[in-house]
Structure formats: C-alpha cells, structure tokens
Amino acid sequence: MEPGTQVWCHQTGGDDPWILSEVVSRTPAALSLKFLSGDDAGKVIERPLVSESSLNEDGTKMEMGEKKYEGVELANPPLSEAELREGMDNDMISLPHLHEPAILHAVSERYFRGEIYTWTGPVLIAVNPFQRLPLYTKEILESYRHEGLLRSQNLLDANKLLGPHVYSVADRSYRQMMSEQRKSQSILISGESGAGKTETTKIVMLYLTTLGSNDGGSATEGGEKLSIMERVLQSNPILEAFGNAKTLRNDNSSRFGKFIELGFNRAGILQGAKVQTYLLEKVRLGFHASGERNYHIFYQLLRGANEEQHHKYCFHDGITGGLELANFFHYTGQGGAPQLREFTDEDGLKYTLKSMRSMGWSEEKIDNVLSIIAGILHLGQVKFESKMSEGGQEIAQLAEEKTVADAAKLLGVDLQKLITALTVRIMVTRGEEIRIDLTPDKAADARDALSKTIYGAMFLWVVKEVNNSIKWENDKDIRSSAGVLDIFGFESFAVNSFEQLCINFTNEALQQQFNKFIFKLEQEEYERESINWAFISFPDNQDCLDTIQARPKGILPMLDDECKLGQRGSDKNWAKRLNETYLPEKNQTISDNSRFSATAIQKAKGIFCIRHFAGNVQYTAETGFLEKNRDEIPLTAKSLFEEDSSDLIKEIYDVQLEQSEEGSDKGPSKSKTVSQQFKAQLQSLIEMIETTDPHYIRCLKPNDAAKPKLLTRKRLTEQLRYGGVLEAVRVARMGYPVRLDHAGFFKRYRMLLPSVPEEKLTWSMEDEEPQKLCVKFLDILLEEGAKPLGKTKVFMRKGPHDLLESHRVFHQNASSTLIQSWMKGMQQRRRYLIMGDAALTVERWYRGCMGRARWWRLREAQASRLLTNNFRMQVVRIKYNRARTGTISLQAQFRGRATRRMRALTKIQAYRRMYLCKTAYCNMKSATIALQCCVRRGIAKKEFNEIKRAQKDMGKLKEHNEKLKMEMASLKAMLQAQAATDAGKAESEKAIKEKEKEVKQLESRVSQLERELANEKELVQKLEKDLDEQKENNRRTMQDLQYQKELVARSPQVSENARKHARAQSAGQSIPAEPVAEAVVVGHTITPEALAMHRAEVARLEAQLEEERKMRHAASREINVLRSALEGKGEYDGTASTKFISDTLSEVSGSEIDRSDVPVPSDVEPAMRYVHPVSCCLIRCLRSFWFTKRKWTCLVLLLQCRKKPQPALGDEVSRRWSYVYDLLSINFKLIRMVNICMLTPSYLALQCLHFRRLVFLFILGAMVFFVGVVVVLRRHRAAQKAMESLLALDVSHAPLVPIFVDSLDLTRFLPLLLEVISFISL
C-alpha cells in the first residue's frame, strides 16, 4: 500500500464502521492513514502490521508474503459515469476488491441513486426504499419477461442486459423450471423485520403467476370467473390478517414463516399452490410491547365492524368508559393500539372479507371465524378475584360472569367447562384425576394459554382452508413447481428466548445449504475456466447445527428431555445440564467445538452463548423455554373442545391435534414438542430445497426509522453479516477472490512494464487477442510458477493482487509526478511572459498619466485667475447693494414711526370724548326707568286690591252654584250606575282586556323612550364635557395670545412699527397689520348650537316620556275602577291594589317607580301584619260616581284600624307608624258618621257643614298613610322626605283616610293640597 492509495479503515463504535481513508506513509511496522470522510475528516491515525500467522477478518488464512494491516482494506477505484451507465456495479463479484466495506459502499451508492437491487454472485440484495418507486409497472414486467424469453432461446444480446431486479430472479427460476431438465425451483427470501420480505414475496408470486396464468380460469361458488392466479394472490391478505402484526420496526411484520409452492403443468400453466407455515409467534397474543400491536385481524374487526356486527359480537361502546374499543380490550390495548401508516383497519377488514369470499368461503363460515376472534377478545377481558378456600388457601374466582358468558357464546363452548378450564387444573396421576384450584395469577396464565391455543389452532385451520381453496386437483398434472420461501432472518436482541433460538437454528441450517450452493457454483466456475481448485476448503458450520440438534447432547434434545420430567423439570435445571455437558471443566468458558460458551456470571444467571455464522448470540434460559417448548393443551381445554362445542371448534381442534401428535403402530399417538415439530418441518424444508435449484434474495433494511433516502451503514453491515452475504464472499475468497477479464487485466497492469519495448509487448489492444496479450504479460512478469489464467478471466489471490496494486500505485505516482513537473514548468513560463507584457503596459499607462496630469495643472492655473477676478467683482457689488439697502430702510423706518405716532394720538383723543358722552347717556336712562317703575308699581297695587275684593264676592256665589251642580250630578250618576250594574259586566271585562293591552303597549313605548332618553342624556353630558374642555383650551389659548401681545408691546420693534404706522397715516398710506398668531384648534369643535339642539331633544323626550307615563297611569286607574265595579262585593284584589298604590305614588313623587321593586301580594301581607293590621282592606266601592266637566273621579277607600302595629321594623319606622295610627284612631264616631254620609244614597247628608273639612282631611290622611307605606316597604327617599314634612303638620283632628286621584295632571292636585293646608291652619 503505497502513499496516496485509498483504503477503508475499520472503526469500532460510531454509526459508520468503515471510513474512507488515504495512505499517508508506510513503515515496516505500521501504516499511517488520513480520514477522507466522516466527522473526523483530516484526522491521521496509525494501524499496526498483522503477523502472517493471523487470520483475515473473514476467517481465511493469510498467504505467505501477504502484508495485512489491522482493520485496513483496499478501496475499489471509483467508476466513471459511462461505467455506471453500462452497469459495471450491477454485480459486486466483478469488483476488484471483494470484502465487507466494498460491498457496503457499493450497496449504499446504488441505494442513493434509486437502484435498490444489486447482484452478489447468485444472491440478489434488495434494500427497502420505504417509498413507492416506479419499478413494478406493467411495462417493466413485460421487459423482463421478454428478456427471459430471449435468454431461454439463446437470442439475448449480452450488451443489452437489464439491471438486477426481483423480476429477474423470478424469471430465471421459471425459465430453468421450463428447461429440458424440468427441475423444480425455489426462491429463498430472508431478512429481518421491516426489510421488505413480505412485499418481495408478493412481487415474486405476481410475476410467477403472471407467467403461468391461463385466461380460462375456474368458476367460484358465486358464479364469478376467478382464475387460479387471482385466487393464489387473494390468499395473501388472509394470511397477513391472521399472521402479521405491527412491531417497532415494521407496520406489517410477518410473525411466521411460510413456504408457498406453485405447481405448473407441462405447458408451464399454473395449476394451484400449497402453503406451509412455520413457527407462529403465539406469545404475542398475550403480551406485546408499547408501540406494537397484536395480529391485524383483531383491530380490523374492532374498527371495521358495523352496528349489526357490534351487537352480534357484544362490542358495546358503553362499557369502554369513553375509550376506543381497540384500547379497551386487554389483548389489543397493551401497546396503545396505534394506527398503521400505509392503510387503515377499516379498509383492511373489507379487503380480508373480500379475499375470504374469493376463496369460496360461505357467509356462515366467515361469521363463525369472526365470532371466534371476538370470543378470544372477550376471553382476554376475564378478570379474577382471590378468595379463601375451605382449606385456607387462596384460589381464584371470576370477577364478572357476563364476560365469560359472552366469550363462551362466541367461541361456541360450554360455559361451565370454560369456567373450569380457567380456574382449575387437572392432573392425571396413576390413572386418577387430581383437581387443583388455581390462584388468580395462575388463572390469568391459564386464560392466556387457552387463548394462545385457540388462536394457534385457528391459524392452522385458516392455512388449511386456504390450501383447500388454491391447491391443485390432481398431482399427476403437476410436472414441476416453484417455491417461494418467506422466512424470518437472523435475530439477536438484548434478551433472546426460545423463539430466537428456533429462528437462528433455521437460518443456520439455510446458511449451511447456502454455503454448499455457493461452493458448488465456485467449483463450476473453476472447472469452466480450467483452474485447479483442489486446494479450496469448504466452510462448514455443521458443528453449530450439531450443537443445537444432535442427539443426545444437543441443546434442543436436552430441552425435550427436560420437558419429559414434568413438574420436576425447570429452565434452571436445563441450563445447568447444558453447562455440565459442554463446559465440564471447572473454569472452562468455551466448549471444545468453540460453539457454546458461558462465563461464571452467565452460568449463575442461566445465560449461555452460541456462536452462529453471523456472530455470538446470548440466550437467557429462564424466559420460559420449557413452557414454550411443551405448548401442551391442558386436560380441561381438551374436555372443553371435545365435548359440547361447536362444529368449527372441533374442526379447529382436530387440525391442532394432527400437527402436535405423531402416530405409532404400536401404541397411542404421542404429543410432540414445539422443537420436534419445528425440526421436522425444517428437515422437510431443507430436503425439498436440496432437490430444487435455489435462488436467493436477501432483503436489507437501510434504517430503523422507516424513512426514505436514509441509510445507517452500521445497521446495513450487521444485516449483510446476518443475511449470509459476507459468508458467500468468504467462500469466494477462499479460492481466487480477485477475478478480472483479460482486457481489463491487460489495460490495468500494462503500465508495470514501461521498459518493455512496443515490439515485444504492445500497448494497444487493437487487432490483438486479449488472452494472448495476457499470456505474454504474465510470461514477462512471472519468470516461473503457475499462471492463474483462465479462458475468459485472470484469477488472482489476494497477496499477488495487492502486490500488483502497490506497484501500479507506485508507477502512477511516478508518472503523475513527472506530468505535474512538466505542467508546473509550462505554467511558470506562461506566467513570466504574461508578467513581462503586463510590465510594459503599466509603464505606458504611467507615462500617459503623468502627461495628462501636467496639462491639467495648466488648465487649473488659468481657471483660478478667472475665478479670482469674478470673486472680487462680486464682493464690491455686494458691499454697494448692502449700503444702498440700509439707507433706504433707515429712511422708511423714520417716516413710518412719525406717521404712527400721529395716528395714535388722534385715536386716543377720539376714545376719550366717546367715553364721556356714553357715561352721561347711561346715567340718564337708568334714572328714567327707575322712576317709571315706581309709578307703575303703585298703579298695579291699587288695581290688584280692587280685583281681590271683587273676587271674594264672586267666590260665595260660585260655591253655592257648585254644590247644586254636585247634587244633580250625584243623583244622575247613582241612577245610571244602578241601571248599568248588571248589563255592563261584559262590556267592563272587554274594556279591561283592551285597557290591559293598551297598558302593555304603553309600557313597551315607555321603556323605549327611557332608553332613548338615557342615550341622549349620556350624549349631552359628553358634549357638555367636551364643550367645557374646549372652552378651557380656548381660554388658555387667549391667555397665550395675550401674553404674546404683551411681549410684542414690550419689544423695541413695536415702537418702531408704531412710528411707521403714524407716518403712513400722516402720508395717507395703508399699512397692513402685523400678523398675529391664531389659535389652532385640533380635533372636533363643539358648538353651543349643537349642544342646545341635543338639550332640546332631551327635553322633548322627557316631555314625551312624561306624557306616556300619564297615559299608562290613567289606563291603569281605569282598569282598577272597572275591576272594582265588576267585582261588587267580592274579596280584595291584592295585585290590583299593589299596582294602584305604585301608580299613585309615582304620580305624587313625580318619578317613575321600578315595578320590579314593588313587592308581590305574598310579600306585602307579612309586612302589613307588622305595620297596620286591618280587618277590612277595601270596603265596597262607591255606589255612585260623580262626573263633572273636568272628568275627574272620586274613589273613597275606608280603612278601619283595630290593633296597634308591633315595633318589628326599627325604632324610627315604628315611631312613624305609631303616629299614623294615632291619626287614624281619633274620633271614631266621626268616622262612622262620615261613612254613613258617603255610603247612603241620600243627598241630604252632603249638605253637612263639616263635609268640606272632612274631605280635605281625608286627602291629607291618605297621603300620610300611603307615603308611610312606601317608607316602610320601599324606603323611597322622596317618600321619606314627604313623610317627614307631612308629620310636621298638626292633623290631630283627621278621622278618615280617603284618597282623591285626579285623572289629569298632578299640578291640578297641588293647589287643592295647598288649600287644605291653609284651611287647617285657620
């Protein structure tokens, strides 16, 4: 490895295990490298030389003279664009250096170019792109089909081969199957979860069924034509629904292995298929990690079922507590029940049901299958409680029997036997059955074991039904077959259990078969090229297989022996037996065959290691190896399935027994363990593969995040190792790992003999045969010894090839150094000539610049003289103009000052004379007016006294006249009221309804006017506030203007301006006034006119509101009068009285009283009991009504007090009510007399001398009484003040409390009140 050579350097730790580097220097003991990529680019490290006795990384022995550095491999030269277009990297076997970093680099480069398929000899590497690529269209399928047809007829052009593709593998298998030998084919697809095995299997089956399709097809039960091809393809959704689940690495991970065998007749037409499954992961049914899911069929049923199916399968949403059904059930909600990214569960159920119907399943069979699935879900919901048995032991009992009943109904089994299977374990000892009650934990384990047994048997039954639908009818029609194996890849987790051991055992057996196949191909290659291959050894891993399966000391046989011990067997004892068998010595940690190992700490923890072809794997024995290997059906479950169960359950159970038991002629059948079943299946699979021509597809997963265009090199390296690709490279490197065709070899290494003349060894290959040129080259290069020259290729071992490469790099470096020296010399000569020419150009440019600078200086001198002359002329002109302007200004100022002085004196004299005249006139005018007023006042007093005396005489006549009119009106009213008492009730009721309607309209109108009035008042207040602010601003502005004027008046310029003004006036000229600063008003200006307009609007609204209120009060009073007249001698109407009191007080106080604060009768009555208990609230209304021309009504209410009120409302209020009581209780005889006078029809009583005084006293007493009521009940401020003023009067002679309510304005009532007060004072 010469300096400058690019190599791959192995790095332990980090995401990239191999880093591209360059050799910096080489010493006999070490190699210095510089990183060219990665985060540590530019870093220099050293790698030591490895001794010749060491082994290579692939396990091969180093050759004599080969120098190997630790963790260093030669890098292949990069390919050009033309070579990439030609597909030089389609097959990695053709690479000069074939090792792990070379394969990793080639695969990653092709992946980022969108080329996910790569050949490695007979193995196709497929990298999952995690995105949809246009690689599977019908056009591409037809192109590979056409290429395969031409290849089978030997008409294919070798220069027009299509690139690697899964179609190419499928086509080769089909063409080899249809060749003369008619040998069956098998396609083995492997890889870890998420690598794309399932999708690749679908693509292969699609291609094979397309090639073997027949347009005739066959009829299904529904009458629709469905071909064999379509039926085979429709079987995939059913198997995926029952056998695939979401894991952390893959949304559609196959949790079982399957081998699909497609049968073809002599014409190559597909006749049918068979499906063989391996090792279903039943442990997932009882537990799955967070972020994962159970099998797809559970979620499809829960999320895709309709309302009818929900009712049928007992999926009641009400019992979930708001959770989704998938999160509610125990078997589906452990991982959170996440949704899938590619498709929904609802669509999945539709697709699964469609596939079942395509298989010819009846609706009844489909419903039974879904019922069992629903029964398993309900079985997982069964919970157990602990109770104490008669013997004092803890046993399990069901927490809820309804769930068990639903599960038994859906599963089609007996309820009592299902409960027994869940809570009791039956053991047979010496022919006797022993029933053992289980604890709650053991009962939960029994429940999960029963569910796994039912689902495992269900899966086997589904596979059997699928085979019945797609299998061929007659075996004689099948000439050959093509099998597709979708098998789980090598697995190594943090904790590995029985499933990982079986999976890795399978991959170990398949790798052994793969090695044999690769070694066979290598032998054929050497024989075809006539190369001696007797020295090549075969890499054998048979010792690893024997460690696992050989009897009697194999791991699995010893596990079966431990299972036979029954309850005495345990995982710990089994691990101890393994250590004693393979590590008999005391401190021994590795077995004699180096496949089994365990340290002292691992032995104590029950851990052992097995060295597989892909590396060491650590297994933990105490993870249920024995239980998983037994997989026995409990006796209670057997009784449950065999008796009182549905036909489908019995059929499923029979399928389970066929696989788990083996028959014997000498005795009854024996139950097989899982390892025995698996070994039998694996042995059958290996034997079938060995009888076929295998084709290999290794699926790789570029990253764990399932993102496109993202590749983790470390994960890819692990998968290349686990998939056996590096093992195939190891087999190839045991012989001649470097293989170059003759032309490529000669072109690459002819430079090693530069001294050989052209005549002896030509440089050009034109008109020359490449093989002969290679023979000449090797004769000159190798004096003696074997020459590994084949018919079409040159075979080389790694040591000689590395030596040739180092010489080639040396010659390349020497040649590049010579070329570089010549190029550098030519560059220096050219640079010298360019610099000389540039120097001459610079000199010419400098001389020109100096001449132009001298000429410019001469121009500047001439311009400066001209500029100086003009400047002096302008200075003199400015001085002259300044002197002239000053003289004129001085003259003007003097003349103006004199003129303004004269005008000011004249104006002062005029103002003085005007003031004297105005003062004399005003004094004269005031005296005249005062004299006139005195004279007129005296005349008015005389006339007023005369009118007053005349009015007293007229008042007596009017009083007598009014009494006669009142008598006549009362008699007429009494007669009219007596006649209309009975006939007017209907009209009164109708009038009451109309008045009530009118009152409602008036109330709505009043509320509307109140809102408008409130808005206008608010607007007026805002305008007044803005106007005040505006006045304040104007006042401040006027003060500022006054202050400015004062400042101007005090300045000397003012006197000069005054003099100018005087002179101008004397000369008769008009002088414009000096500008005075104006007040600037910013914003909206409020005018008094606008404010007055809004105030007028407020007054208008208030007047309109007052008018509406009066109309409402009048209507209310009319309603009360009509109701009183209608009721006659009926009981007192509390609601009408309350409303009447409120309306009356509103009119008296002059403000509207809020009706919401007026107490209802139920609230008034308790208060009246404390204030003024009365025996009769309202006595009969007056029998007669007096109507005058003014149309006012007199209503008299008599109140008779019998008991003094209790002091329950406070001292002040009690004092006032006591005073009211005293007013009402005086002169009870006078009350009776007035009552007789007011209620008898006789008009003679009206002539009583004291009638007028009593009426006025009634009015005053009524006001005192009702104002007092308002004070107590409402605490009205205006009423309280009125009460205080009324109580201040001397009204001790008031015997009755009548109320006079005028139907007109309150102003007509106030003079009457004043007359009452003046009358009492007399």
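Presented here is an overview of the structure given in this document. (Residues numbered from 1 in each chain as written. Predicted model: local features only at pLDDT ≥ 70, side-chain atom pairs only at ≥ 80, totals over all residues. Heavy atoms only, no water.)

### Overview of helix α29 (residues 770-781)
Here is the rule we go by: Only DSSP runs of H or I reaching four residues or more are called helices, and only runs of E reaching two or more are called strands; each is numbered from the N terminus. Expected helix span is given by 1.5 Å per residue-to-residue step, counting one fewer step than there are residues. Note on exposure labels: buried denotes an accessible area under 20% of the residue type's maximum, exposed denotes more than 50%, and partly exposed covers the range between, all computed with a 1.4 Å probe on protein chains only. Along the arc lie the directions from the helix axis toward the C-beta atoms.
Over its 12 residues, α29 runs 16 Å from end to end, which matches the ideal 16 Å to within 8%, given 1.5 Å per residue. When we look at burial in α29, the residues that qualify are L773, C774, F777 and L778. Looking straight down α29, one finds its buried side chains confined to an arc of 130°; they lie on one side.

### A closer look at the pattern of salt bridges
The following threshold applies: Throughout this description, the term salt bridge denotes a Lys or Arg side-chain nitrogen within 4 Å of a carboxyl oxygen of Asp or Glu.
Applying the stated criterion across every chain, the model contains 38 salt bridges. R284 is the partner of E281 in a salt bridge, and the nearest nitrogen-oxygen pair spans 3.4 Å. Across the pair E1097 and R1100 runs a salt bridge, and its minimum N-O distance is 2.4 Å. Of this pair, E1097 and R1100 both sit in helix α33 (residues 1088-1127), 3 residues apart, which is roughly one turn of the helix. Among the charged side chains, a salt-bridge network with shared partners connects E192, K701, D704, R715 and E718.

### Here's the deal with the packing of helix α6 (residues 228-243) against helix α12 (residues 345-358)
Heads up, the condition is: The convention used is that axes are lines fitted to C-alpha atoms, helices contributing only their stretch in contact, and that angles between N-to-C directions extend from 0 to 180 degrees. What sets the label is the angle itself: under 35 degrees gives roughly parallel, over 145 gives roughly antiparallel, 65 to 115 gives roughly perpendicular, and the rest give oblique. The crossing is said to be left-handed when, going from far helix to near helix, the turn is anticlockwise and less than a right angle, and right-handed when the turn is clockwise. Residue contacts are counted whenever heavy atoms from the two residues lie within 4.5 Å of one another.
Their axes nearest at 9 Å, the elements α6 and α12 cross at an angle of 130°. The angle between α6 and α12 places the two elements in the oblique class. The element α6 and its partner α12 pack so that their crossing is left-handed. Across from R231, Q234, P237, I238, A241 and F242 in α6, the residues of α12 making contact are Y351, T352, S355, M356 and S358.

### Looking at the environment of L239
By the secondary structure assignment, L239 is in helix α6. Given the relative accessible area of 2%, L239 is considered buried. Spatially, the C-alpha atoms of L239 and K258 are 9.7 Å apart, while their sequence positions differ by 19 residues. What L239 contacts, discounting residues up to four positions off in sequence, is N244, F256, K258, V275, F459 and V463.

### What to know about the packing of helix α4 (residues 166-177) against helix α5 (residues 197-211)
For the record, the criterion: Under the scheme applied here, ten amino acids are nonpolar (Ala, Val, Leu, Ile, Met, Phe, Trp, Tyr, Cys and Pro), four are charged (Asp, Glu, Lys and Arg), and all others, including Gly, are polar.
The interhelical angle for the contact between α4 and α5, taken along N-to-C directions, is 45°, at an axis separation of 9 Å. Regarding the angle of α4 to α5, the classification is oblique. Seen along the crossing, α4 lies across α5 with a hand that is right-handed. Of α5, the residues touching α4 (which contributes V166, Y167, A170, D171, S173, Y174 and R175) are T200, I203, V204, Y207, L208 and L211. The residue inventory of the contact of α4 with α5, partitioned by class, reads 9 nonpolar, 2 polar and 2 charged.

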